[in-house]
Amino acid sequence: MATTDFHLKSHYAPVHDELTADNLPVTGVLPPELTGWYLRNGPNPRQDSAHWFTGDGMVHGVRLENGRAAWYRNRWVRTESFDLPNPLLYNADGSRNLRSSVANTHVVNHAGRTLALVESSLPYEITTDLDTVGVYDFDGKLADSMTAHPKICPETGELHFFGYGSLTAPHVSYYRADAAGELVLRQPIDVPGLTMMHDFALTRRHVVFFDLPVVFHRGTDGGLPHRWSDTYGARLGLLSRERPEDGVRWFEIDPCYVFHTLNAHDTAGGRIVVHVVRYEQLFQPDVPAPDGVLWRWTIDPRAGAVTEDPLDDRDGEFPPHRRPARRARRPFRARHRTARRGGPARAPPLRPARELLARASVPGRAHSGRSGFRSGGGPSGRRGLAARLCLRRPERPQRLGGARRAGHRGGPGRDRPSAFSRARGVPRQLAAGCLTGSASRRQTPRAVPGSGLPSPYRRGQDLPPARPSRKKRNFPAKAGRIRLPWQDGSPNGKETQQVAGSGTPPVGTPAGMRRINQRAVLDLLRRGGPATRPQVAKDTGLSKPTVSQALLALEAAGLARATGHTSTGTGRSAVLYEADPTAGYVLGLDIGREHIRVAVADLGRTTVARRDVRNTARSGSALISALGKLATDIVAEAGLTSDDIVVRVLGSPGVADPVKRCFRHAPNLPGWGRPGLLDDLEQVLGPDLLVENDANLTAVGEWESGAARGASVVGCITIGTGVGMGLMVDGRVFRGATGAAGEIGYLPYGRTRVTDEPSEPPARGHLEEATAAQSVVRGARELGLGTARSAREVFRLAREGDELAQRAVSAEADRLAYTVASVAAVIDPELIVLGGGVGTAADLLLEPIDRALRAFTPLTTTVVQGELGDDGVLTGAISVGLRAAERLVFDRRVGAA
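Residues numbered from 1 in each chain as written. Predicted model: local features only at pLDDT ≥ 70, side-chain atom pairs only at ≥ 80, totals over all residues. Heavy atoms only, no water.

A. Quick peek at the overall build of the chain. Counting its regular elements, the chain contains 15 helices and 42 strands. Here the chain holds 897 residues, and 56% of them are scored as buried. Considering only residue pairs separated by 6 or more positions, the chain has 61% of its internal contacts joining residues 24 or more positions apart. When the accessible surface of the chain is totalled, it reaches about 36900 Å², and 50% of it is carbon and sulfur. (Helix = DSSP H or I, 4+ residues; strand = E, 2+ residues; numbered from the N terminus. Buried < 20%, exposed > 50% of the residue type's maximum accessible area, 1.4 Å probe, protein only. Contact = heavy atoms within 4.5 Å. Areas by Shrake-Rupley, 256 points an atom, 1.4 Å probe, with all protein chains shown as cover.)

The structure is reproduced here in structure tokens:
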């Protein structure tokens, strides 16, 4: 790459001032649940630099919280060589000066630390206010540089990285730090010379290294001390994550260079697939740098060979380095990267042009092509203060299901991660580098015959139906009747395959086949985004005439609509179709002791109205009345009528009783156990009402779009006014025989034997009394902290260093560890997620919980903080409602057509 000075001009000109701006103006709407920091790092030279890779690191940050952009600020990373005009990476004796750093390439967060990175030096830790803490060497265990693109395993939480550049062997070493940030592995990598290894790849079972012919060249005048070597060769190294002691196995490839990987995964046949941005050659003096294009390497360990395939003919760079946890290291269908110009793509499997068109350029669709913030420009960089934080078009309402991924913005030399993720769930918390998120798992629900409403969460064979009561009081499922999630409406207790809905044609008839084809087309548009007729035909396997007929029928039924035309390629543009999100709406309600949260979302998961209020009701009747008024007001606020709401989902503490038509085990809601209460709820809220336990809905939300994405067995423990647990097994909620699975508040705690005559069973369980939020306050007061009024206040004081508050938090951690140990011994979960009000203090609780667990039990389980916070129940309610509404809207509109 030729040395130029473009990085010192125009939009790439350095920012000379450290600035702070509070309460930034926002164009559009910031979801209140989107809380965290968006950080970006890049070279920002204080004087002319010879190469666009050099220059002092400057971190820019935006803080989002409670629906506002709280601040913007930018700070230099003040390394130990910050004030030196020419910091040296190598001392005169040849030893490495690892503390001499510009820390200008990337910024990542792991184990509670935010690290500014450049691959030639040790990382530098910065605070959440972007101030520099100092060099971080993993408590003295790292005596090597750290790559600027480490990988965090989404399943183990481990940090994988390497260091290179040592003048003596080994020139490269691989490192692994556990989820707590402790460096646990160093493995030397045998390479013949000082290769410039910028990035690598990680799969579930392997680490892939790139030993490529750009090598160290001490005699370089200015710029970077690396040059292309025609004799070095190129190869890929494969290291087993399970048995790193076996060493690296190498595979020869054609000479090339790679800055960045896009993704990598293992195949069922034992191959390893790696997608990279590949250059034919680089760093040759007086030779123009070629474009980087997308390639696929398929490593076959059995054959000992690598298949190399170009996937595109357009130049591009900067694929996302912080990939969504659900798809990282797994097969995928589409990714994005930054490109300068268009052109025909040669690779249908990745479809980058369609991805960019569908996600960012379709007229009339909300998109975040301008998301992020604009900093720099001009000698002082003050134009950055005048820029607004633009998330989406203001005419589009806020999306409960997450903002769209904007892609990388910026010029060469600046690895700019995406600002926001197009997750189909409430956005995950912002981490340093980017907002990590992923598409939710959404299955087509199977219908409950006769109810007109699908049963939520079901995938594959359903759980056994609940046993009928001794009185044989089975309530038949009627259209519009409240549905209890585990109930089956069929007479014999087994679900049939008949599709619910009026006028359903028999399967196998022409009308039935037309419905199947229409449903396949609609499902594709809902899951994959806008597409043309040929694209739909290719992806569904249907003929083009069949697709055309299906789209016409869906348009006539108001289920699909034309949303624009393609704008790339040659020839006539094609019409783009999308699922019409306004075909139906879902009402979600979260009922708690202290708060009531209500939201309306369309079929595209966009929240069109939301309201959060305090629960002041002190009786069941008063609460039902308040819910009815809230539901009416929120529907009117959204500009809708009651008939526009297809499904209503209510999340509540306790277990719905199908016999008494009330809630059991909900002592914190007065009057919630009154017989007939469910019927009163339906009368006030409207037909097609689903009721579900709030902890179960939180588990659904965390599994689909939070901390538990993709986990096979996960328990979501919510600790607030009460204590409960939602249990997900292979993507389904496990409720037990009567729906009471997860009522862990009734676990025994603190009593070894019954000393009195048994009387009425307690309304609140022993464990709930011991671990709920009020117990934190009670424990703090018993220790002498008389000013404590709430658990949140105790946690705040503990963070500020109050010794009594810290002792109260430690006692709560011991009780929660007992809870986790009890649950782990019964269900052997892959993951335990802490939610609820107490769960928001996981930064104080996780470490002592882990320490106590090691003393309680030899069983191992991973405990993490929930990512949805107070919105877990509402997120789960909307998800459940959308599953049901999608089927209902199709059945009603197509069946009636």
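B. Structural context of the confidence of the model for the chain. Per-residue confidence for the chain gives a mean pLDDT of 75; residues scoring 70 or more make up 72%. Every residue in residues 321-327 is under pLDDT 50, and counting partners more than four places away or in other chains gives 37 contacts. Every residue in residues 486-503 is under pLDDT 50, and counting partners more than four places away or in other chains gives 41 contacts. (pLDDT = per-residue confidence, 0-100.)

C. Just unusual backbone geometry, in detail. With omega at 0°, the peptide bond leading from alanine 169 into proline 170 counts as cis. Within the secondary structure, proline 170 is located in the loop between strand S11 (159-164) and strand S12 (172-177). Of note, asparagine 66 is a non-glycine position whose phi angle comes to about 50°, a positive value. Mapped onto the fold, asparagine 66 is located in the loop between strand S4 (57-65) and strand S5 (68-76). For arginine 605, which is not glycine, the phi dihedral falls at a positive 70°. Looking at the element boundaries, arginine 605 is found in the loop between strand S32 (595-602) and strand S33 (607-614). Arginine 605 sits in the buried class, given a relative accessible area of 4%.

D. Looking closely at the sheet that holds strand S10 (residues 151-152). The 4 strands lie next to each other as S10-S11-S12-S13, forming an open sheet whose pairing is antiparallel. The open sheet has two edge strands with one neighbour each: S10 and strand S13 (183-189). Two strands pair when backbone bridges link them, and S11 and S12 are joined in this way by 6 bridges, in the antiparallel orientation. In the sheet register, tyrosine 164 faces S12, and the bridge partner there is valine 172. (Pairing = 2+ DSSP bridges.)

E. Fine view of the packing of helix H11 (residues 791-799) against helix H12 (residues 803-827). At a minimum axis distance of 7 Å, the contact between H11 and H12 shows a crossing angle of 120°. Viewed along their axes, H11 and H12 adopt a mutual orientation that is oblique. Judged by the sense of rotation from one axis to the other, the crossing of H11 with H12 is left-handed. Along its contact with H11, which presents Val794, Phe795, Leu797 and Ala798, the element H12 presents Ala805, Gln806, Ala808 and Val809. Classifying every residue of the contact of H11 with H12 by side-chain character gives 7 nonpolar, 1 polar and no charged. (Axes fitted to C-alpha atoms, helices over the stretch in contact; angles between N-to-C directions. Parallel < 35°, antiparallel > 145°, perpendicular 65-115°, else oblique. Left-handed = near helix turned anticlockwise from the far one by under 90°. Nonpolar A, V, L, I, M, F, W, Y, C, P; charged D, E, K, R; others polar.)

F. Structural detail: the sheet that holds strand S39 (residues 723-729). The strand order across the open sheet built from 5 strands is S40-S39-S38-S41-S42, with neighbouring strands paired in mixed fashion. Two strands in the sheet have a free side with no partner beyond their single neighbour: strand S40 (732-733) and strand S42 (862-865). Lying on the sheet, helix H8 (residues 694-705) is in contact with strand S38 (713-719), S39, S40 and strand S41 (831-835); it crosses S39 at an angle near 50°. Helix-sheet contacts for helix H14 (residues 842-856) involve S41 and S42, and the interaxial angle to S42 is about 170°.

G. Geometry of the side chain of threonine 261. Among the structural elements, threonine 261 can be located in strand S20 (residues 257-266). Separated by 3.3 Å, the side chain of threonine 261 and the backbone oxygen of phenylalanine 200 make a polar contact. (Polar contact = N/O pair within 3.5 Å; in protein donor to acceptor, adjacent residues only side chain to side chain.)

H. View of the pattern of salt bridges. Taken as a whole and assessed by the stated rule, the structure comprises 43 salt bridges. Among the ionic pairs, aspartate 891 bridges to arginine 515, the shortest N-O distance being 3.2 Å. Of the two residues, aspartate 891 sits in helix H15 (residues 872-896) while arginine 515 sits in helix H3 (residues 510-528), which places them 376 residues apart along the sequence. Like arginine 515, aspartate 891 is buried. A salt bridge links glutamate 800 to arginine 796; the nearest nitrogen and oxygen atoms lie 3.1 Å apart. By relative accessible area, arginine 796 is classed as partly exposed at 38%. When salt bridges that share partners are traced, they join Glu33, Asp590, Arg597, Arg610, Asp612, Arg792, Asp870 and Asp871 into one network. (Salt bridge = Lys/Arg side-chain N within 4 Å of Asp/Glu carboxyl O.)

I. How the structure looks around the packing of aromatic side chains. In this structure the tally under the stated criterion is 14 aromatic pairs. When the centroid spacing of 6.4 Å and the interplanar angle of 40° are considered together, the rings of phenylalanine 162 and tyrosine 164 count as tilted. Tyrosine 164 matches phenylalanine 162 in its accessibility class, with the two residues each being buried. A cation over an aromatic ring shows up here: arginine 63 above the ring of tryptophan 37, its NZ or CZ 4.1 Å from the ring centre. Directly above the ring of tryptophan 71 sits arginine 73, whose terminal nitrogen or CZ lies 4.0 Å from the centroid. (Phe/Tyr/Trp six-rings, centres within 6.5 Å; stacked < 30°, edge-to-face > 60°. Lys NZ or Arg CZ within 6 Å of the ring centre and 35° of its normal.)

J. Representation of helix H5 (residues 544-556) within the structure. For H5, which comprises 13 residues, the first-to-last C-alpha distance of 18 Å matches the rise-based estimate of 18 Å (1.5 Å per residue) to within 8%. All of the buried residues along H5 are Val547, Ala550, Leu551 and Leu554. Seen along its axis, H5 keeps its buried residues to an arc of 100°; they face one direction. Every exposed residue of H5 that faces more than 90 degrees away from the buried side is listed here: Pro545, Gln549, Leu552 and Ala556. With its phi angle positive at about 75°, glycine 558 sits one or two positions after the end of H5. (Expected span 1.5 Å × (residues − 1). Arc of directions from axis to C-beta.)

K. Up close: the environment of valine 191. Relative to the elements of secondary structure, valine 191 occurs in the loop between S13 and strand S14 (201-202). What makes valine 191 buried here is its relative accessible area of 5%. Distance from valine 191 to histidine 171, taken between C-alpha atoms, is 6.7 Å for residues 20 residues apart in sequence. Ignoring any residue separated from it by four or fewer positions in sequence, one finds valine 191 in contact with His171, Val172, Asp211, Tyr232, Arg235 and Trp250.

L. The pairing of S5, seen in detail. For S5, a buried count of 8 out of 9 residues is recorded, marking the element as mostly surrounded by other parts of the structure. Sheet topology note: the strand S1 (residues 20-24)/S5 ladder contains 4 bridges and is antiparallel. Directly across from leucine 24, in S5, lies its bridge partner alanine 69. Counting the residues in the hairpin turn of S4 and S5 gives 2 residues, including asparagine 66, whose phi is positive at 50°.

M. Fine view of the packing of helix H6 (residues 620-637) against helix H7 (residues 677-685). Where H6 contacts H7, the axes come no closer than 9 Å and their chain directions differ by 25°. As judged from the angle between their axes, H6 and H7 are roughly parallel. The element H6 and its partner H7 pack so that their crossing is right-handed. Across the interface between the two elements, Ile624, Leu627, Gly628 and Ala631 from H6 touch Leu677, Asp680, Leu681, Val684 and Leu685 from H7. Along the lines of polarity and charge, the residues of the contact of H6 with H7 split into 7 nonpolar, 1 polar and 1 charged.

N. Here's a closer look at the nonpolar core. Counting 47 residues, the largest nonpolar core has Leu525, Leu559, Val647 and Val714 as the members making the most contacts within it. If you tally residues by element for this core, the top one is H15, at 11 residues. Beyond its immediate sequence surroundings of up to four residues, leucine 525 is in contact with Ala531, Val536, Leu551, Ala560, Tyr577, Glu578 and Ala579. If you look at the next biggest cluster of nonpolar residues, it comprises 45 residues, including Phe210, Ile253, Val258 and Leu282. (Core = buried A, V, L, I, M, F, W, Y, C linked by side-chain atoms within 4.5 Å.)

O. Summary view of the environment of isoleucine 516. For isoleucine 516, the location among the structural elements is in helix H3. Sequence-wise, isoleucine 516 and alanine 550 are 34 residues apart; in three dimensions their C-alpha atoms are separated by 9.6 Å.

P. Inspection of the environment of histidine 206 at higher detail. Counting through the fold element by element, histidine 206 comes out in strand S15 (residues 206-211). Looking at histidine 206, its side chain comes within polar contact range of the side chain of aspartate 266, at 2.9 Å.

Q. Focus on the pairing of strand S6 (residues 106-110). Most of S6 is tucked away, with 4 of its 5 residues classed as buried. As judged from the 5 bridges shared by S6 and strand S7 (residues 113-117), these two strands associate in the antiparallel manner. When the sheet's bridge partners are listed, histidine 106 is paired in S7 with leucine 117. Linking S6 to S7, which pair antiparallel, is a turn of 2 residues; within it alanine 111 sits at a positive phi near 55°.

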